[in-house]
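Okay, here's what each chain looks like letter by letter:
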Amino acid sequence: MRMDTRYIASEERYAKMDTMYNRCGKSGVRLPKISLGFWHNFGADAPYERSRAITHYAFDHGITHFDFANNYGTPYGSAETTWGHLMDDFAPYRDELFISTKAGYDMWPGLFGEWGSRKYLMASLDQSLKRMKLDYVDLFYSHRFDPNTPIEETLQALVDIVRQGKALYIGISNWPLEPLRQAVTYLREHDAPLLIYQGRLNLLNREPIDEGIIDFCQQQGVGFIAFSPLAQGLLTDRYLDGIPADSRMAHNHFLKADRRTPELLTYLQQLQQQAKAANHTIAQEALAWVMAQKGVTSTLVGASSVEQLATNLQLL
Ligand SMILES: NC(=O)c1ccc[n+]([C@@H]2O[C@H](COP(=O)([O-])OP(=O)(O)OC[C@H]3O[C@@H](n4cnc5c(N)ncnc54)[C@H](OP(=O)(O)O)[C@@H]3O)[C@@H](O)[C@H]2O)c1
């Protein structure tokens, strides 16, 4: 992709070095309290210059962790392809970045395009690395638990991926507590300890707290990164007066219009009052709640504009 202007990262990007990073469990890795996710708004259907501007803004403000999965973007894989283009800008900064990707959900047709087989995980990461123009990712996740594949097969594939140098650390996302326990033991015994668990946590969904996932991670020295802290935009001012044409809900796919209920609007009005008292926007109030939960290492936000990200980063 042709670049009109060369990107030079801000010299101020680590100005908040002492306050804006948390140690990830018992590991040598520190992550920003807010990280950037590429699920929506970074695929081939999004304007490249906007994706580029959001990513530059993030890195210029100390956001060193970017999160992907094989099937992010429309079409699948295109968010990783966008990152491949962004490597024109970020190659000089590769060693400052912590980049994750995942495999687990549907990616390609046939018998080996989803779930947790060794065949799928290995092939998927190879594809991701090509799209992202990377030699390795910092973190590779099993994106969901596969009840039909022996757990040892999935876990050994993750261990071997680390041995091959294709990922530096292992993550687990969306697994229930019991297989998570087994994973922590297995990975520790195989000298590839689990770095982090990724789970949905926001004011409308507190499952990782209620199910004891975060407590367990803390006890085991495993980090926890929260995704969809704004419930995909529900916990913002975005839908107070209707459904904006450029919003995620307007696509009515991952965020359905029927989520905009009278109960939600009443809740948002209460949250808005609470937010005002703290001099916050609704989004900042919702995000601050997630960041304040015990055991949360980082919180993965999405953004469709630099302005949204800038508002959210004011919390740091
Ligand atoms: N492991 C998993 O299974 C899993 C699942 C989901 C997500 N994730 C990760 O978590 C990341 C974040 O997920 P998410 O995008 O659902 O997070 P989110 O932060 O809950 O939602 C992001 C959306 O909220 C809106 N928004 C953000 N800041 C705003 C602001 N200040 N004011 C008004 N609206 C604002 C935007 O909606 P509009 O686009 O409509 O403007 C934005 O796209 C993903 O990119 C991915 O990396 C992981």
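Residues numbered from 1 in each chain as written. Predicted model: local features only at pLDDT ≥ 70, side-chain atom pairs only at ≥ 80, totals over all residues. Heavy atoms only, no water.

(A) Up close: the packing of aromatic side chains. A complete count under the given rule lists 18 aromatic pairs for this structure. Here the aromatic rings of Trp 39 and Phe 254 are separated by 5.0 Å at their centres, their planes lie at 70°, and the arrangement is edge-to-face. With Trp 39 in the loop between strand S3 (34-37) and helix H1 (48-60) and Phe 254 in the loop between helix H8 (248-251) and helix H9 (262-277), the pair connects residues that are 215 residues apart, well separated along the chain. Accessibility expressed as a relative area gives 25% for Trp 39, which makes it partly exposed. Between Phe 59 and Tyr 93 the ring centres are 5.4 Å apart and the planes differ by 55°, which places this aromatic pair in the tilted class. (Phe/Tyr/Trp six-rings, centres within 6.5 Å; stacked < 30°, edge-to-face > 60°. Helix = DSSP H or I, 4+ residues; strand = E, 2+ residues; numbered from the N terminus. Buried < 20%, exposed > 50% of the residue type's maximum accessible area, 1.4 Å probe, protein only.)

(B) Fine view of the site of the ligand. Neighbouring the ligand are 33 residues, the closest being Asp 67, Ser 228, Leu 230, Arg 248 and Ser 304. Note that an oxygen atom of the ligand is positioned 2.7 Å from one of the side-chain N or O atoms of Ser 228. One nitrogen or oxygen atom from the side chain of Arg 238 is found 2.9 Å from an oxygen atom belonging to the ligand. When isolated, the ligand has an accessible area of 910 Å², and the protein chains bury 95% of it. Residue assignment for the shell around the ligand shows that the elements contributing at least two residues are strand S10 (298-301) and helix H11 (306-313). Tallying contributions element by element places H11 first for the shell around the ligand, with 3 residues. (Near = heavy atom within 4 Å. Polar contact = N/O pair within 3.5 Å; in protein donor to acceptor, adjacent residues only side chain to side chain. Areas by Shrake-Rupley, 256 points an atom, 1.4 Å probe, with all protein chains shown as cover.)

(C) Up close: the layout of surface pockets. Roughly 1,400 Å³ of internal volume is contained in the largest pocket. Contributing elements (two or more residues each) for the lining of the largest pocket: strand S8 (194-200), H8, helix H10 (282-292), S10 and H11. At 4 residues, H11 tops the list of elements feeding residues into the lining of the largest pocket. Classifying every residue of the lining of the largest pocket by side-chain character gives 17 nonpolar, 23 polar and 10 charged. Lining of the second largest pocket is provided by 15 residues; of these, Tyr 21, Arg 30, Thr 64, Glu 96 and Phe 98 occupy positions nearest its centre. Those elements that provide at least two residues to the lining of the second largest pocket are strand S2 (30-32) and strand S7 (167-173). Counting residues per element, the lining of the second largest pocket draws most heavily on S2, which supplies 3 residues. Partitioning the lining of the second largest pocket into residue classes produces 10 nonpolar, 2 polar and 3 charged. (1 Å grid on protein atoms, 1.4 Å probe; cavity = no way out; pocket = protein on both sides within 12 Å on 5 of 7 lines; lining within 4 Å. Points joined across faces, edges and corners; volume = space filled by probe spheres on them. Nonpolar A, V, L, I, M, F, W, Y, C, P; charged D, E, K, R; others polar.)

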